[in-house]
Amino acid sequence: MLGMISYQPFWNTIKERGISTYALISKYNISSATIDRLRKNQGISTMKINDLCRILDCRVEDILQYVDEFPEGTL
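Note that the structure is a prediction, hence the values are computed from the model and not measured.

(A) Structural detail: the overall build of the chain. The number of helices and strands found in the chain is four helices and two strands. Secondary structure elements in the chain, listed N-terminal to C-terminal, are β-α-α-α-α-β. Scored against the burial criterion, the 75 residues of the chain give a buried share of 31%. Here the contacts in the chain between residues at least 6 apart in sequence split such that 67% fall between residues at least 24 apart. Put simply, the chain shows about 5,200 Å² of open surface, and 51% of that area lies on carbon and sulfur atoms. Treating the 9 positive side-chain charges of the chain as one cloud and the 9 negative ones as another, the clouds have centres 11 Å apart.

Below, the structure written as structure tokens:
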């Protein structure tokens, strides 16, 4: 089975909290490159995940999830 990390929970979390990507960049010093990596489901460091959890007052599961590309029985 192949799988990937999805940052869809991050987008849901910032929407629920009413925090824009602009605020993350300007107020909390999250780089625009990190936001871009999140948009593209590319890897970010555990330090950045920790920063986002602290800023958003959330759990890791509210930032990312593991998604099977081919759920069991579909190959």
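So, next bit.
(B) Representation of unusual backbone geometry within the structure. Of note in the backbone geometry, N29 takes a positive phi value of approximately 60° without being a glycine. For N29, a relative accessible area of 62% translates into the label exposed. Although it is not a glycine, N41 sits at a positive phi angle of roughly 55°. Note on N41: relative accessible area 32%, which makes it partly exposed.

(C) Broad picture of the environment of D62. Examined against the element boundaries, D62 turns out to sit in the loop between α4 (46-56) and β2 (65-68). Not counting the four nearest positions on each side in its chain, D62 is found in contact with P9, F10 and T13.

(D) Structural detail: the pattern of salt bridges. This structure, assessed with the given rule, holds three salt bridges. Of the charged contacts in the structure, one is a salt bridge between D51 and R54, with a shortest N-O distance of 3.6 Å. In this pair, D51 and R54 both sit in helix α4, three residues apart, roughly one turn of the helix. Overall, the relative accessible area of 57% leaves R54 in the exposed class.

What counts, and at which threshold
- Residues numbered from 1 in each chain as written.
- Predicted model: local features only at pLDDT ≥ 70, side-chain atom pairs only at ≥ 80, totals over all residues.
- Heavy atoms only, no water.
- Helix = DSSP H or I, 4+ residues; strand = E, 2+ residues; numbered from the N terminus.
- Buried < 20%, exposed > 50% of the residue type's maximum accessible area, 1.4 Å probe, protein only.
- Contact = heavy atoms within 4.5 Å.
- Areas by Shrake-Rupley, 256 points an atom, 1.4 Å probe, with all protein chains shown as cover.
- Lys, Arg positive; Asp, Glu negative; His and termini not counted.
- Charge placed at Lys NZ, Arg CZ, Asp CG, Glu CD.
- Salt bridge = Lys/Arg side-chain N within 4 Å of Asp/Glu carboxyl O.

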